[in-house]
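# Topology and contacts: notes
Each chain, written out:
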2 protein chains.
Amino acid sequence: MRTLPLHAGAHGLLDDAATLAIGGETLVLTHDAIAEGVHYRAGTDPADIAWKLVAVNLSDLAAKGAEPIGVLIGATLVEHNERFVEGLREVLTAYAVPLLGGDTIATSPAVFGCTAIGRAAAVPHRTSAKPGDALWVTGHIGAAMRDFAQGGPAYLRPRPRLAEGRALAPHVHAMMDVSDGLLLDASRMARASNCTAELSLDAIPFAPGVEDRLAAAAWGDDYELLFAAPKGFAPPVPATRIGAFTAPGPAALLLDGAPPPEKLGYEHG
Amino acid sequence: MRTLPLHAGAHGLLDDAATLAIGGETLVLTHDAIAEGVHYRAGTDPADIAWKLVAVNLSDLAAKGAEPIGVLIGATLVEHNERFVEGLREVLTAYAVPLLGGDTIATSPAVFGCTAIGRAAAVPHRTSAKPGDALWVTGHIGAAMRDFAQGGPAYLRPRPRLAEGRALAPHVHAMMDVSDGLLLDASRMARASNCTAELSLDAIPFAPGVEDRLAAAAWGDDYELLFAAPKGFAPPVPATRIGAFTAPGPAALLLDGAPPPEKLGYEHG
């Protein structure tokens, strides 16, 4: 798709979201789709699907420091559709985001799309980390993996870091959300910024109950914010320094000084 | 979905598109999804799917008098995906609309979503037809039905009436596109405006080659513009006067003085 006529605000399709300058304001737009069997298991409560659908898109707005304006939803009509609507109500209410529009279709297996629109002041891209920057992450890593196995809420009901994103955006060099795995997403930021990301496994703030730390660092769905900030930066929100950016080398990512031993995370089809 | 927290610009989800006032400008936003077996037949050239996906969304912008700014696409990765990308290139180039962003997923059968964003000066809603208004339609009706059978371009490659929509928008009382059937869409405009739409079958400008006129009036996919304008209005673009709005009565639509004898058009699931 990168060879198509792109809007300048598409940023080469290399960022989490597009930006659109309108009448002196900056809009941030993102569209993510989720499908049964790919992003959630068959039999998942449609209310949880609705929550996740909206939350993962709001997370992209959070990563660009944007305040949500509204969402448009494309939804398959499913059995117990009233549960989908209830989940939508819960997530829209939780983040004070109104519905702007949408479409329903009848198809099987179910697929859901969401376009989220927000407004932002300063938009940090994922391409602007600099050698010498520190690499930080909000919250904990691995809660989604743990709860996927144990049935807890972190996997099904991620919490987009909207307030944190807005607080961080004016101060950081680069920011993105952790959706496909901390290691993979950090390597993407490094590659996009023409740097090497050097991480220390011991520095990563794993969630309580996480046993396989390397697996958790390669799992996705945490929707924490990963950001690059100048040395000495004191984050205005809870965050942990997990590494640093250095000059580009043969690998985009070094974990404890060496390329990681296995798959970095979830690669989209 | 109408019971959810709605943005004021969602217009109760009763219109073709949402509006958003940003920095003194009015944005128009719409999201439609299409699925294999529902909106197109299995085996359709992915280039045609891409064209139709974008065209039907641009048609909603046309109906609100909007100039497209960009689109976001959510696409299933299909066999011969390069044809999908080629079709996207064709439709984006044809209407000078850049890609703002998107997402790809692996699911089967295929589902495609598109969010289109435009800017508009005057936005005609579908709720503002008034008794005494004339009812008009651009172009011809039935070309999509004819070409669905004969393999012609009108069904697979509809042409959104963007220029016509922009020319008409400042002058009409109400406007919408004909996506689900002229009779059904006219009855929707009448109901939304608390009027009766009175149409004459002989007045409808059927496309050459259409034999079953009543079936063509109930078929969708023509993507012409249907609009209500004050008596005596002289349209700035080619259009045909097909009826008038009168005070509300027991039926929202009268065809040659009586409720139509059969299903009005394509009702979404």
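Everything numeric in this text was worked out from a predicted model, so none of it was measured.

### What to know about the relation of the copies chain A and chain B
Aligned on chain B, chain A shows an RMSD of 0.0 Å; the corresponding rotation is 180 degrees and the shift along the axis is 0.0 Å. Such a combination of turn and shift is consistent with a two-fold rotation axis. The position closest to the rotation axis in chain A is occupied by the C-alpha of G23 of chain A, lying 2.3 Å away. The overlap is high: 100% of the interface residues of chain A also sit at the interface in chain B, so the same surface is used on both sides.

### Comments concerning the nonpolar core
One finds V54 of chain A together with V54 of chain B to be the most contacted residues of the largest nonpolar core, which totals 187 residues. Not counting residues within four places of it along the chain, the set of residues in contact with V54 of chain B comprises V71, L88, V91, L92 and C114 of chain B.

### Section: the sheet that holds strand β1 (residues 18-22) of chain A
Backbone hydrogen bonds hold the strands of a sheet together, and the pairing may be parallel or antiparallel. Residues and elements named next belong to chain A. Across the sheet, five strands lie side by side as β1-β2-β5-β3-β4; this open sheet has mixed pairing. Each edge of the open sheet is held by one strand with a lone partner, namely β1 and β4 (99-105). Neighbour-to-neighbour, the strand axes of this sheet turn through a mean angle of 20 degrees, independent of strand direction. Each of β2 (25-35), β3 (67-76) and β5 (111-120) is contacted by helix α1 (residues 46-63), which is oriented at about 35 degrees to β5, the strand it contacts most.

### Re the sheet that holds strand β10 (residues 239-246) of chain A
All names here are of chain A. Strand order in the open sheet formed by six strands is β7-β9-β6-β10-β8-β11, with mixed pairing between adjacent strands. Every interior strand has two partners, whereas the edge strands, β7 (174-177) and β11 (253-255), have only one. Neighbour to neighbour, the strand axes of the sheet diverge by 25 degrees on average, direction disregarded. The pairing of strand β8 (residues 196-199) with β10 spans four bridges and is classified as antiparallel. Residue pairing for β10: E198 is matched across the bridge by A244. Contacts from α1 reach β7 and β9 (225-229) within the one sheet, and its direction differs from that of β7 by about 170 degrees.

### Some points on the interface of chain A and chain B
If you look at the interface, chain A gives 49 residues, while chain B gives 49 residues. When residues of the side of chain A that touches chain B are assigned to their parent elements, the largest contribution, eight residues, is made by β2 of chain A. Along the lines of polarity and charge, the residues of the side of chain A that touches chain B split into 28 nonpolar, 17 polar and four charged.

### What to know about the domain arrangement of chain A
By convention, interface size is frequently given as the accessible area that disappears when the constituent parts associate. All names here are of chain A. According to the domain assignment, chain A consists of domain 1 (8-120) and domain 2 (134-255). A straight line from the C-alpha centre of domain 1 to that of domain 2 covers 22 Å. Tallying the contact residues gives 18 residues for domain 1 and 19 residues for domain 2. At the level of elements, α1 and β3 are the ones that each hand at least two residues to the side of domain 1 that touches domain 2. A per-element tally of the side of domain 1 that touches domain 2 places α1 first, with eleven residues.

### Comments concerning helix α2 (residues 81-94) of chain A
Owing to its 3.6 residues per turn, the α-helix brings residues three or four apart onto one side. All names here are of chain A. Here α2 is 14 residues long and its end C-alpha atoms lie 20 Å apart, about the 20 Å a rise of 1.5 Å per residue gives. Where α2 is concerned, the buried positions are F84, G87, L88, V91 and L92. Down the axis, α2 shows its buried residues gathered within 125 degrees of arc, on one side only. With respect to the buried face of α2, the exposed residues turned more than 90 degrees away are E82 and T93. Close packing links the buried residues of α2 with α1, β3 and β4. The first or second residue beyond α2 is A96, which carries a positive phi of 55 degrees.

### What to know about the packing of α1 of chain A against α2 of chain A
For any two helices packed against each other, one specifies the inter-axial angle together with the distance between the axes. Residue and element names in this part refer to chain A. Close contact between α1 and α2 brings their axes to 7 Å; oriented N to C, the two are set at 40 degrees. The pairing of α1 with α2 is recorded here as oblique in orientation. Classified by chirality, the crossing of α2 by α1 is right-handed. Residues P46, A47, D48, I49, A50, W51, V54 and A55 of α1 form the contact with α2, whose participating residues are N81, R83, F84, E86, G87, L88, E90, V91 and L92.

Cut-offs applied
Residues numbered from 1 in each chain as written. Chains lettered and ligands numbered in written order. Predicted model: local features only at pLDDT ≥ 70, side-chain atom pairs only at ≥ 80, totals over all residues. Least-squares fit on C-alpha atoms with pLDDT ≥ 70 in both. Contact = placed C-beta atoms within 7 Å. Core = buried A, V, L, I, M, F, W, Y, C linked by C-beta atoms within 7 Å. Buried ≥ 20, exposed ≤ 12 C-beta atoms within 10 Å, placed from the backbone. Pairing = 2+ DSSP bridges. Helix = DSSP H or I, 4+ residues; strand = E, 2+ residues; numbered from the N terminus. Axes fitted to C-alpha atoms, helices over the stretch in contact; angles between N-to-C directions. Nonpolar A, V, L, I, M, F, W, Y, C, P; charged D, E, K, R; others polar. Domains from an automatic or database assignment. Expected span 1.5 Å × (residues − 1). Arc of directions from axis to C-beta. Parallel < 35°, antiparallel > 145°, perpendicular 65-115°, else oblique. Left-handed = near helix turned anticlockwise from the far one by under 90°.

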